[in-house]
Amino acid sequence: MNKVMSNKLVLTLYVLPALCLLLGIVYVPIVYTGIYGLMEWNGISDMKFIGLDNYQKLMSDSSFWNSAKHSMYFAILSTASLLPYLLVAVLLSGNIRGVNIFRKIYLIPMLLSSVAIAQLWLKVYHPTSGILNTFLESLGVAKTPAWLADPNLVLGALFIPILWQYAGFYILIYYAALKNIPQSIVEAARIDGANAWQIAFRIKIPLISEVIKVTVVLAVVGSLKYFDLIYIMTDGGPNQASEVMASYMYHKAFRTFDFGYGSAVGFFLLLICLAATWLIRKLTASKEKIQYS
Amino acid sequence: MKSTNGLALKRGQTQKPVSQTGGGSKKGIAGKLILYFLLTIAAVMQLFPLVWLLLFSLKNNQEIFNLPPLALPEEIRWNNYVKVWTSGNIDVYFVNSIVVTLVSVVLTILLASFATFALTRMRWKLQPLVLGLFMVGLMIPLHSTLIPLFILFQALGLIDNLWSIILSYTAFNLPITIMILLGFYYALPREIEEAAIVDGCSVNRMFIRIILPMTSSVMVTAAIINMIYNWNEFVFVNTFISSDTLKTLTVGVQNFVGQYSTDWGAIGATLMISILPILLAFLIMSDRIVEGIAAGSVKG
């Protein structure tokens, strides 16, 4: 048995194709991103090794830090939005009829491409003919805002479609996790006299803390690498007011053909994503041990 | 946030009598009504922009701008759909999307199944390391790989070739697919393998004839998740494909909409065409999709 199940040839044949693709298309390119980040290079002429100059430039590049700030802003808002999602999931997980219909409806925006979502919301936000301003005008608002052209409003206006797109996704994750809790635990608590409020906040939510941790990581990392919707809706504008890290990298690399500097931004983005994952896992892991050991 | 908390409390208080006595007190019914009211408002908010999109895809500009947003058009203008389908490359984009999506999904599921079997059922030293590589792959932003991939595909002559995006989709979807499959494979009983091996079955034969068919349900779930990702992917196509005839729907639609910047009916019809396959798939297989998305994320 052991001999058959550790057959080297079979193992190689089974793992190697997937592993080669992963290494070739994900890991090796990352190494190259790191190397290109040390070069001055426009993609055509010869590469020139310049050491850490790109990173030094990055540290004092106010446009980059501006984009990093916007990415952080999205990360914080996305994480905060997890709480109402969790509450909706708790509500849904009670014994009510029609749960399936609700959670399916909530999920629909998640299935659409960012292009469709972006184009749709461009129409929603259209300054004169959009449904939002039409509605505001009907309420008697005299001066309706130009949502995506106003540097003060643009980030908030971009966050609404993000919220809309992912609401169903997170509600579904929480709902599935809550439904996985053994009924006996909830029953035991009820017999001990806990009310539903206590059951939700003292028992159900702590029991799915692993899943909550995963969603926080997903929300933060997802926000840090957010790109499509912003690229299509505002292209980082007006005047870089909605530029995020990924779009800044894209502009540097594929618009101004500064491949070296773009790579440095890309590598930094990778480090931030991995650091954020690690940090969240670290912070939340210790807390849990205190609760359960 | 405060008000939602309050609601959870109200809902919580009403749940107990209902579940214990099986009937609803007045307070219980009021609580349920509030609950349903709020859940319905949320549902309307999720659907409203889409309903509006459907409506304006059937109107002309005059109707869009002069009638109330939710008014039905005077006559249903299917010609918006006919116009965008016949006047541009939408049909070509559509076929490209189907080809790219199907090829990548089949490749991903196949490669991931073989790898997951080796990762969960076979014994080897590097197993934790390889599994770790796949799981960390979940956290890697594709933007960080974009420049080297562009250079790599250029060197391989794959820029402006559908293989560049098929390979990228497959590689980037392997981690999530393996993650979905993992739990299922771990749960398979060892006895099946032992029995097969005692009967003189080779590993290949056992995997392909016995294990793989057993995982068909989780493969379908993983395939649907892959399908949604691939159908909607934007950045890789936007970066690696430049010929109009090789673009997929997402990028094609984005460029196409530019030509119709003022004809909202045509834009609406274009967008509806691009999202209809996914919406149809959802209507037919919604339970599977809901399960799949839940499975894909909870098991982490």
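Residues numbered from 1 in each chain as written. Chains lettered and ligands numbered in written order. Predicted model: local features only at pLDDT ≥ 70, side-chain atom pairs only at ≥ 80, totals over all residues. Heavy atoms only, no water.

**Notes on the overall build of chain B**
Here's step 1: A tally of helices and strands in chain B yields 14 helices and 0 strands.
Here's step 2: The N-to-C order of helical and strand elements in chain B reads α-α-α-α-α-α-α-α-α-α-α-α-α-α.
Here's step 3: Classification of the 300 residues of chain B by burial places 54% in the buried group.
Here's step 4: Considering only intrachain contacts with a sequence separation of at least 6, the fraction spanning at least 24 residues in chain B is 73%.
Here's step 5: Just so you have it, chain B exposes about 13,000 Å², and 67% of that area is on carbon and sulfur atoms. (Helix = DSSP H or I, 4+ residues; strand = E, 2+ residues; numbered from the N terminus. Buried < 20%, exposed > 50% of the residue type's maximum accessible area, 1.4 Å probe, protein only. Contact = heavy atoms within 4.5 Å. Areas by Shrake-Rupley, 256 points an atom, 1.4 Å probe, with all protein chains shown as cover.)

**Looking at the UniProt feature "transmembrane region" (unreviewed entry) in chain B**
Here's step 1: In the numbering adopted here, UniProt assigns the feature "transmembrane region" (unreviewed entry) to residues 33–55, 93–117, 129–156, 162–186, 207–229 and 264–284 of chain B.
Here's step 2: The annotated region residues 162–186 of chain B carries 100% helix and 0% strand content, and the separation between its end C-alpha atoms amounts to 35 Å. (UniProt positions renumbered as here; feature names shortened; annotations may be inferred.)

**Some remarks on the interface of chain A and chain B**
Where interface size is quoted, it is often the accessible area lost as the parts come together.
Here's step 1: Taken together, the contacts link 96 residues of chain A with 100 residues of chain B.
Here's step 2: For the pair chain A and chain B, the summed buried area comes to about 9,000 Å², and 78% of that belongs to carbon and sulfur atoms.
Here's step 3: Taken as a group, A:Met5, A:Tyr14 and A:Leu111 account for 9% of the area that chain A buries against chain B, more than any other trio of residues on that side.
Here's step 4: In this structure, the connection of chain A to chain B is made through 1 salt bridge.
Here's step 5: Of the charged contacts in the structure, one is a salt bridge between B:Asp287 and A:Lys104, with a shortest N-O distance of 2.9 Å. (Buried area = accessible area lost by both parts, 1.4 Å probe. Salt bridge = Lys/Arg side-chain N within 4 Å of Asp/Glu carboxyl O.)

**Focus: the packing of helix α8 (residues 154–180) of chain A against helix α11 (residues 209–224) of chain A**
Residue and element names in this part refer to chain A.
Here's step 1: Remark: α8 packs on α11, axes separated minimally by 10 Å, with the N-to-C direction vectors making an angle of 165°. Comparing the axis directions of α8 and α11 gives the class roughly antiparallel. The chirality of how α8 crosses α11 is right-handed. Where α8 approaches α11, its residues Phe169, Tyr170, Ile173, Tyr174 and Ala177 are matched on the opposing element by Val211, Ile212, Thr215, Leu218 and Ala219.
Here's step 2: Here the contact of α8 with α11 is composed, by residue class, of 9 nonpolar, 1 polar and no charged. (Axes fitted to C-alpha atoms, helices over the stretch in contact; angles between N-to-C directions. Parallel < 35°, antiparallel > 145°, perpendicular 65-115°, else oblique. Left-handed = near helix turned anticlockwise from the far one by under 90°. Nonpolar A, V, L, I, M, F, W, Y, C, P; charged D, E, K, R; others polar.)

**Brief notes about the nonpolar core**
Here's step 1: Core analysis: the largest hydrophobic core is formed by 206 residues, its most contacted members being A:Leu92 and B:Phe117.
Here's step 2: With 18 residues, the top contributor of residues to this core is α8(A).
Here's step 3: Each of two domains, domain 1 (22–77) and domain 2 (87–296) of chain B, supplies a minimum of three residues to this core.
Here's step 4: With sequence-adjacent residues up to four places away left out, B:Phe117 is seen in contact with A:Met5, A:Tyr14, B:Met122, B:Tyr185, B:Glu193, B:Val203, B:Met206, B:Phe207 and B:Ile211. (Core = buried A, V, L, I, M, F, W, Y, C linked by side-chain atoms within 4.5 Å. Domains from an automatic or database assignment.)

**Side note on the UniProt feature "domain: ABC transmembrane type-1" (unreviewed entry) in chain B**
Here's step 1: On the UniProt side, "domain: ABC transmembrane type-1" (unreviewed entry) is annotated at positions that read residues 94–285 of chain B here.
Here's step 2: A helix fraction of 79% and a strand fraction of 0% characterise residues 94–285 of chain B, whose end C-alpha atoms lie 21 Å from each other.

**What to know about the pattern of salt bridges**
Here's step 1: For the structure on display, the rule yields 10 salt bridges over all chains.
Here's step 2: A:Arg255 serves as the salt-bridge partner of A:Asp235, at 3.2 Å between the closest nitrogen and oxygen. Within this pair, whereas A:Asp235 is found in the loop between α12 (228–233) and α13 (245–254), its partner A:Arg255 is found in the loop between α13 and α14 (259–292), the two being separated by 20 residues in sequence.
Here's step 3: Assessed through its relative accessible area of 30%, A:Asp235 is described here as partly exposed.
Here's step 4: Note on A:Arg255: relative accessible area 43%, which makes it partly exposed.
Here's step 5: Where B:Arg121 meets B:Glu193, a salt bridge forms, and the shortest distance between an N and an O atom there is 2.5 Å. Here B:Glu193 lies in helix α9 (residues 190–198) and B:Arg121 lies in helix α5 (residues 90–121), a separation of 72 residues in the sequence.

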